[in-house]
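Descriptive analysis of the structure
Below, each chain spelled out in residue letters.
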Amino acid sequence: MKQIRVAILGQGRSGRDIHGLHLKKDTERFKVAAVVEPFDIRRERAAKEYPGCDTYSDYRALLERRDIDLIINATPSYLHFPITKEFLSAGFNVLTEKPFVPTVAECDELTALAREKGVHMLVFQQSRFANYFQKVKEVIASGVLGRIAHISIQFNGFARRWDWQCCLDFNGGNLANTGPHPLDQALNLMDNYGEMPNVFCHMDRLNTFGNAEDYCKLILTAKDRPLVDLEISSADAYPLYTYKIHGTNGTLKGTMAHIDWKYFKSEEAPKQVLIRETLTAGEEKLPAYCSETLKWYEESWDGDPQAPFIAAVEEYYTQIYRLFTENRPHDIRIEQVRQQLAVIEEAHRQNPQIC
């Protein structure tokens with residue numbers, strides 16, 4: 001079996017606890033050949049956790065190597081663009097963590113560079129493969145909910161934040177930090193990648209110690225597509241659900257661990273016709289209201305709250321392996337990420353008070 005040789009830039013929450021955690025298990029397909037990390041103690045730990053890997057304090061030491069198949073850019077967000085550009089320019093395939101880059105213009109520049117060099121440029125949007133999201137898509141695709149009119153997605157919780165990720169100059173804020181996951185899902189459910197959706201956004205700063213938003217309400221609409229109501233709030237101490245979906249025949253509600261959906265079948269519903277006259281009941285013509293009995297069907301799904309993150313990363317890396325060994329395109333395409341960045345740019349344009 002061919003082994004893909006990778007270099008991980010960074011041993012923080014993403015580089016070690018997400019990418020590294022997976023790659024330590026997926027050793028038949030991948031080999032961690034190098035790690036870049038500025039902290040001495042982290043480099044020493046990496047040398048033990050990834051047997052046989054080289055460690056560096058400066059990523060530039062990798063630019064001359066030709067035995068690395070893939071660079072994993074898990075550096076802080078504000079370094080994604082310049083470092084990815086350096087490695088693409090040197091002819092490396094690069095997987096960059098989210099948020100990819102701050103602007104569409106930067107995305108376009110890197111896309112053109114990757115094409116010029118004939119290399120792969122990937123963005124780590126693994127939540128598309130989470131089992132709870134796949135279940136939501138499966139229920140919608142089944143048609144039992146009918147035509148979907150409204151999709152609500154909430155990635156909420158209550159937290160105060162005072163690290164670099166609440167600073168705009170570091171490409172921080174809820175929409176950049178958390179937002180790429182639910183926004184990628186929202187745009188995937190809209191399935192309207194060919195054109196920019198209409199965007200309304202309201203941002204606020206509630207419990208953050210930086211200058212970036214920690215509350216974001218995003219409304220997306222497009223012709224013949226459901227309205228998407230996306231909320232990312234760090235001031236919600238009572239989060240009720242992750243998804244709420246309204247259809248002509250029923251509703252879905254759920255979290256990452258449990259989903260319920262309830263629907264009726266049109267062919268079993270009483271036949272009704274429009275009545276323009278005042279509705280009355282009985283000979284006494286008592287006031288009346290539209291009333292009928294529908295036969296409801298209810299289903300549910302339970303998942304392991306931890307499993308989605310593990311399985312989503314595994315699927316993402318499986319698709320990387322197929323891309324490198326079979327030339328099968330990855331499901332997360334750069335034009336989809338570009339649309340996401342366009343929405344984020346427009347959201348910030350509408351909120352000049354966040355500065």
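The text that follows walks through the structure, step by step, so that each part is easy to find. As a convention, each chain's residues are numbered from 1 in the sequence order in which they are written. Per-residue local features of the predicted model are confined to residues with pLDDT of at least 70, and side-chain atom pairs are confined, for both listing and counting, to 80 or more; whole-chain, interface and lining totals are unaffected and use all residues. As a rule here, side-chain values come from all non-hydrogen atoms in the structure, and water together with hydrogens is ignored.

Before going further, it helps to spend a moment on the packing of helix H5 (residues 131–142) against helix H7 (residues 180–190). For the pair H5 and H7, the least separation of the axes is 12 Å and the interaxial angle reads 15°. Between H5 and H7, the crossing angle belongs to the class labelled roughly parallel. Remark: the crossing between H5 and H7 carries right-handed chirality. Contacts between H5 and H7 involve Tyr132, Phe133, Lys137 and Ile140 from the former and Gln185, Asn188 and Leu189 from the latter. Here, axes are lines fitted to C-alpha atoms. For helices the fit covers the stretch in contact, and angles between N-to-C directions go from 0 to 180 degrees. Where helices and strands are cited, they refer to DSSP runs of H or I of at least four residues and of E of at least two residues respectively, numbered from the N terminus. When describing relative orientation, an angle under 35 degrees is termed roughly parallel and one over 145 degrees roughly antiparallel, while 65 to 115 degrees is termed roughly perpendicular and anything else oblique. It is the rotation of the near helix from the far one that decides the hand of a crossing: anticlockwise by less than a right angle makes it left-handed, clockwise makes it right-handed. Contacts are residue-level and defined by heavy atoms, with any inter-residue pair within 4.5 Å sufficient.

As a further point, take the pairing of strand E2 (residues 30–36). Burial classes: relative accessible area under 20% of the type maximum marks a residue as buried, over 50% as exposed, and values in between as partly exposed (1.4 Å probe, protein chains only). Counting buried residues in E2 gives 6 out of 7 residues, a clear majority hidden from the surface. By the bridge criterion, 6 bridges tie strand E1 (residues 4–9) to E2 in an arrangement that is parallel. When the bridges of E2 are listed, Arg5 appears paired with Lys31. Note on handedness: a clockwise path from strand one over the helix to strand two, with the strands aimed away from the viewer, defines a right-handed crossover. For the crossover from E1 across helix H1 (residues 15–23) to E2, the handedness is right-handed. Judged from the 3 bridges that link them, E2 and strand E3 (residues 54–56) form a sheet pairing that is parallel. The pairing criterion for strands is at least two bridges between them, as found by DSSP.

Let's shift gears to the sheet that holds E3. Spatially, the 6 strands line up as an open sheet ordered E3-E2-E1-E4-E5-E6, and their pairing is parallel. Because the sheet does not close on itself, it has two edges, and the strands there are E3 and strand E6 (121–123). When strand polarity is set aside, the average angle formed by the axes of neighbouring strands in this sheet is 25°. Across 4 bridges, E1 lies against strand E4 (residues 70–73) in parallel orientation. For Leu9, the partnering residue across the bridge sits in E4 and is Asn73.

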